[in-house]
Amino acid sequence: MNIAITTEDWKTVTASAEICQHYLVYEIGAGEVLNRHPLSISAQEVLGKCDIIHENHPLDGVMVLISAGMGREVEKKLKKIGITPFVTDEKVPDEAIQHYLKGDLHVEPAGIHRKHNFHLLKDEKDYAPAAGTRPLHDIS
């Protein structure tokens, strides 16, 4: 099974899945990471621009996509083609994978977009929680 995590710097789980061009792809077998490799896609292949991910798309074969932010339309698109989407506040890709494998990855509903995992992109001036806190409302 392959799991993709959105990242723009290869070190941080980032948002937004709609425009992300860089991923870390983890190959999982027997409940552990077998391999990890970077994946870059073109601006035309980003999830917000593709009508549907097809067999020639670079994310073909991915079963799970983890991001720090994802709109509801991308979530629906991913589910339609059999990719399970997760929005998380976990910052470190390797830690997000380990939490996913243990079944304790903290997830939030689609529609949440995080910047550096602690600031929301929308209404950022109104909401900047302290480290370790969670938003109490969904921002659409």
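For the structure itself, consult the block above.
Quick summary incoming for the structure in this document. (Residues numbered from 1 in each chain as written. Predicted model: local features only at pLDDT ≥ 70, side-chain atom pairs only at ≥ 80, totals over all residues. Heavy atoms only, no water.)

**Side note on the side chain of His57**
- Locating His57 in the fold gives a position in the loop between strand E3 (32-40) and strand E4 (62-67).
- Among the polar contacts made by the side chain of His57, one reaches the main-chain amide nitrogen of Leu59 at a distance of 2.9 Å.
- When near neighbours in sequence (up to four residues on either side) are disregarded, His57 contacts Ile41, Glu45 and Cys50. (Helix = DSSP H or I, 4+ residues; strand = E, 2+ residues; numbered from the N terminus. Polar contact = N/O pair within 3.5 Å; in protein donor to acceptor, adjacent residues only side chain to side chain. Contact = heavy atoms within 4.5 Å.)

**Overview of the side chain of Thr14**
- Summarising the element assignment, Thr14 is placed in the loop between strand E1 (2-6) and strand E2 (22-29).
- Here Thr14 falls in the buried class, since its relative accessible area comes to 15%.
- Excluding its chain neighbours within four sequence positions, the residues that come into contact with Thr14 are Thr6, Thr7, Glu8, Ser67, Ala68 and Gly69. (Buried < 20%, exposed > 50% of the residue type's maximum accessible area, 1.4 Å probe, protein only.)

**Here we look at the sheet that holds strand E6 (residues 107-108)**
- Across the sheet, six strands lie side by side as E3-E2-E1-E4-E5-E6; this open sheet has mixed pairing. Looking at which strands have only one partner, the edges of the open sheet turn out to be E3 and E6.
- Against the sheet, helix H2 (residues 93-102) contacts E1, E2, E3, E4 and strand E5 (84-88), and its axis sits at roughly 35 degrees relative to E2. (Pairing = 2+ DSSP bridges. Axes fitted to C-alpha atoms, helices over the stretch in contact; angles between N-to-C directions.)

**Focus: the pattern of salt bridges**
- For the coordinates displayed, the defined rule picks out three salt bridges.
- Two residues, Lys76 and Glu73, come together in a salt bridge whose shortest N-O distance is 3.5 Å. Residue Lys76 and its partner Glu73 are located together in helix H1 (residues 72-80), separated by three residues, close to a single helical turn. (Salt bridge = Lys/Arg side-chain N within 4 Å of Asp/Glu carboxyl O.)

**Side note on H2**
- Within the sequence span of H2, burial applies to Pro93, Ala96 and Ile97. The arc enclosing the buried residues of H2, seen along the axis, measures out at 100 degrees, which places them on a common side.
- Looking at the buried residues of H2, the elements they touch are E1, E2 and E3.
- Of the residues one or two after H2, Gly103 is the one with positive phi, at around 85 degrees. (Arc of directions from axis to C-beta.)

**Some details on the nonpolar core**
- In terms of nonpolar packing, the biggest core is built from 17 residues, with Ala4, Tyr23, Leu47, Leu59, Leu65, Met70 and Leu78 touching the most fellow members.
- Elements with a minimum of two residues in this core: E2, E4 and H1.
- Ala4 has contacts with Tyr23, Leu24, Val25, Leu59, Val62, Val64, Leu65 and Ile66, leaving out every residue within four places of it along the chain. (Core = buried A, V, L, I, M, F, W, Y, C linked by side-chain atoms within 4.5 Å.)

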